[in-house]
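Commentary on secondary and tertiary structure
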Amino acid sequence: MSSPDPSSASTPDLVVVGSGFFGLTIAERCANELGLRVLVLERRDHIGGNAYSEIDPETGIEVHVYGTHLFHTSNTKVWEYVNRFTDFTSYQHRVFAKYQGQVYSFPMNLGLINQFFGKSHTPDEARALIAEQASEIRTEDAQNLEEKAISLIGRPLYEAFVKGYTAKQWQTDPKELSADIITRLPVRYTFDNRYFNDTYEGLPVDGYTAWLTRMADHPNIEVRLGTDFLAVAEEYKGKVPVVYTGPVDEYFGHSEGRLSWRTIDLERETVDVDDYQGTGVVNANDEDVPWTRVLEFKHLHPERTYLPGKSIVVHEYSRFAEEGDEPYYPVNTAADREKLLRYRELAKAEPMVLFGGRLGTYQYLDMHMAIGSALSMFENKLRPHFADGTPLTSGGVDA
C-alpha cells in the first residue's frame, strides 16, 4: 500500500510523540505494515531518546550520550525484529565492583565470594556460608531494605556490595528505604560473571544512532526534531490517533501532582591513556566515593580501531530528578502509585491517545522491553483499528 510523501499531506494518519525505541517501533510498523503516514514529533534535536549515541570527533569512540546502553533479550520475536535494522556484535557485558581498594567480579558469584572471604569454597560450601550469614534476619521479618538484603545475602556481602551503592543511588540510608525495593539479590554459585542471563546479547555493529536512523528511514515517516508536542497538541488531539511516549504527568499538566524520578549526572572526560580501567563499567561501592560507577566506552566495541593514547571515561552520579532534569528511573513510592492510578483514569478518557514507553507508563523498561511493548500495542490496538476499524481504546497502559 503506497501513500504520498508525508511532507505533502496536510494531516498524518498517526502522530507519534517521542523518537525512542517505543515510538520508532510504532512508527516503523505502522508505515511498513499498514502504509500509514506517520508524523514523529521529538522535542530534542536528535532521534533515539536516551539510546542516542554519537562518535567523538577527536577519538573516534562511540559515546552513549545518556549512559551506557546494552542490548539483551530472551524474546525471540524482539530479537528477530531488531535484526531487521542492525547486525549485532558478540559482546557480552561484564561488570566489576570496586570496594576498599580491591576490584571484584560482579554480580556476586563464586569468584567474588572466594576473593572477598580469602578462601576457596566449593559451590556447596559457598551456599552454606551465605545461608549461615543470612540467617541473622528472617526475610519475612525484614522491615526495611537493609534488613531484607541481609536476610538474602548476609551482612558482610550486604555492607560491601549493597549498602554504599544503594545509599548513593537513592540518596537515602537503606534503613529508611522500603524492603519492597528489592525482591531478590542474585548470588551465583559458579564462576559465571556474565552480567545478563538472556539468550541474545550484543551491541549494534554500526552503533545505536545508525540503527535508530534505519528504523525511521521510510518515505511515509516524517521526523520533526526540536518540536514539543504539548506546544502543538491542539493541531492533532481529537483529530488523529496519537501515541504519546513523553511523561504522563506532564501531558496532564501535573494536575494530579508530579511523579518522582531518579536522574543521573554524567561527567565526561577525555583522558590521555590507551585504557583507563580495563573494562566498560566499574561500580563504585564505597559510600565515600561520590559517583556510582565509571564508564569507559571503547571497551564496548573492542573490534574497532581507535586513536592510540586516548580514551573517554564518564563518572556517573545518581540523584532525585528536579524540574527540568531528564527522568530516568521511576521512584514508585506509594504516593507515586496513587497519582499514577489517577493519571491512568485521565488517560482512558483522552480520545484517540495511547500512552506508551518508559515515561508514558511510568515503568522502567529496558530497550528490549520497550520494543516488545510497542510491538504488542501495534498488534493489539493499532493494527485492528487501522485495518479493521476496531475502536481505539485510549490509555495504553496494558499494551
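In this text the structure is predicted, and so the values were computed from the model without any measurement.

About the thresholds
Residues numbered from 1 in each chain as written. Predicted model: local features only at pLDDT ≥ 70, side-chain atom pairs only at ≥ 80, totals over all residues. Heavy atoms only, no water. Helix = DSSP H or I, 4+ residues; strand = E, 2+ residues; numbered from the N terminus. Rg over C-alpha atoms; globule rule 2.2 N^0.38 Å. Buried < 20%, exposed > 50% of the residue type's maximum accessible area, 1.4 Å probe, protein only. Contact = heavy atoms within 4.5 Å. Domains from an automatic or database assignment. UniProt positions renumbered as here; feature names shortened; annotations may be inferred. Pairing = 2+ DSSP bridges. Polar contact = N/O pair within 3.5 Å; in protein donor to acceptor, adjacent residues only side chain to side chain. Lys, Arg positive; Asp, Glu negative; His and termini not counted. Salt bridge = Lys/Arg side-chain N within 4 Å of Asp/Glu carboxyl O. Core = buried A, V, L, I, M, F, W, Y, C linked by side-chain atoms within 4.5 Å.

**Let's talk about the overall build of the protein chain**
On a plain count of helices and strands, the protein chain comes out with twelve helices and 16 strands. Taking 399 residues into account, the globule formula puts the C-alpha radius of gyration at 21 Å, and the protein chain, at 23 Å, falls close to it. Each principal axis of the C-alpha distribution contributes one length, and for the protein chain these read about 70 × 55 × 35 Å. Counting only residues that meet the buried cut, the protein chain has 54% of its 399 residues in that class. Relative to all contacts within the protein chain whose residues are 6 or more apart in sequence, the contacts with residues 24 or more apart total 73%.

**Side note on the domain arrangement of the protein chain**
What the domain assignment lists for the protein chain is domain 1 (14-90 + 202-260 + 330-388) and domain 2 (106-181). Put simply, the middle of domain 1 and the middle of domain 2, counted by C-alpha atoms, are 36 Å apart.

**Let's talk about the UniProt feature "domain: UDP-galactopyranose mutase C-terminal" (unreviewed entry) in the protein chain**
UniProt marks residues 160-364 with the feature "domain: UDP-galactopyranose mutase C-terminal" (unreviewed entry), using the numbering shown here. Across residues 160-364 one finds 23% helix and 21% strand; the C-alpha atoms that close the span lie 26 Å apart.

**Some words on the pairing of strand 6 (residues 95-99)**
A one-sided burial pattern is seen for strand 6, the buried positions being Val 95, Ala 97 and Tyr 99 and the unburied ones Phe 96 and Lys 98. Here five bridges tie strand 6 to strand 7 (residues 102-106), and the two strands are oriented antiparallel to one another. Within strand 7, the position partnered with Tyr 99 by the bridge is Gln 102. Count of turn residues in the strand 6/strand 7 antiparallel hairpin: two residues, of which Gln 100 carries a positive phi of about 50 degrees. Strand direction decides the pairing type here: strand 6 and strand 12 (residues 281-284), joined by four bridges, are parallel.

**Considerations on the environment of Glu 147**
By the element assignment, Glu 147 lies in helix 5 (residues 145-153). Separated by 140 residues in the primary sequence, Glu 147 and Glu 287 place their C-alpha atoms 18 Å from one another. Those residues within four positions of Glu 147 in sequence are excluded, and the remaining contacts are Ile 137, Asp 141 and Ala 142.

**Structural notes on the side chain of His 299**
With respect to the helices and strands, the residue His 299 is situated in the loop between strand 13 (293-296) and strand 14 (311-320). Note on His 299: relative accessible area 19%, which makes it buried. A polar side-chain atom of His 299 sits 3.5 Å from the main-chain amide nitrogen of Thr 279.

**Considering helix 5**
Extensive coverage of helix 5 is indicated by the burial of seven of its nine residues. Buried residues along helix 5 sit in contact with helix 4 (123-134) and helix 6 (155-170). With a side-chain oxygen positioned 3.1 Å from the backbone nitrogen of Glu 146, the residue opening helix 5 is Asn 144.

**Topic: the side chain of Lys 168**
With respect to the helices and strands, Lys 168 occurs in helix 6. Put simply, Lys 168 is tucked away with no salt bridge, and the nearest opposite charge, on Asp 288, sits 6.9 Å away. Here the side chain of Lys 168 touches Asp 286 through a polar contact of 2.9 Å, landing on its backbone oxygen. Those residues in contact with Lys 168, other than ones at most four positions away along the chain, are Arg 262, Ala 284, Asn 285, Asp 286, Glu 287, Val 289, Pro 290, Trp 291, Thr 292 and Ser 318.

**A word on unusual backbone geometry**
Cis peptide bonds are those with omega within 30 degrees of zero, and the linkage from Phe 106 to Pro 107 qualifies with 10 degrees. Position of Pro 107 relative to the elements: it lies in the loop between strand 7 and helix 3 (110-117). Although it is not a glycine, Gln 100 sits at a positive phi angle of roughly 50 degrees. Relative to the helices and strands, Gln 100 resides in the loop between strand 6 and strand 7. Its identity as a non-glycine residue notwithstanding, Asn 332 has a phi of 65 degrees, on the positive side. Looking at where Asn 332 falls in the secondary structure, it is placed in the loop between strand 15 (329-330) and helix 10 (334-348). For Asn 332, a relative accessible area of 34% puts it in the partly exposed group.

**Let's talk about the nonpolar core**
Soluble globular proteins tend to pack their nonpolar side chains together in the buried interior. Judged by nonpolar contacts, the single largest core of 83 residues is most densely connected at Phe 71 and Trp 211. A total of six residues in this core trace back to one element, the largest contributor, which is helix 6. Taken domain by domain, the makeup of this core includes at least three residues from each of domain 1 (14-90 + 202-260 + 330-388) and domain 2 (106-181). Among the nonpolar cores identified, the runner-up in size contains 21 residues, and Phe 22, Ala 27, Leu 36 and Ala 370 belong to it.

**Quick notes on the pairing of strand 1 (residues 14-17)**
Burial of strand 1 is two-sided: the residues Leu 14 and Val 16 facing one way and the residues Val 15 and Val 17 facing the other way are all buried. Pairing of strand 1 with strand 2 (residues 38-41), which is carried by four bridges, proceeds in the parallel orientation. Opposite Val 16, over in strand 2, you have Val 40 as the bridge partner. For strand 1 and strand 10 (residues 242-244), the ladder comprises three bridges, and the chain directions are parallel. By the bridge assignment, Val 15 is partnered in strand 10 with Val 242.

**Quick look at the environment of Val 313**
Tracing the sequence through the fold places Val 313 in strand 14. Once the C-alpha coordinates of Val 313 and Thr 270 are considered, the two residues, 43 residues apart in sequence, prove to be 6.5 Å apart. Those residues in contact with Val 313, other than ones at most four positions away along the chain, are Glu 267, Arg 268, Glu 269, Val 271, Tyr 276, Val 294, Leu 295 and Glu 296.

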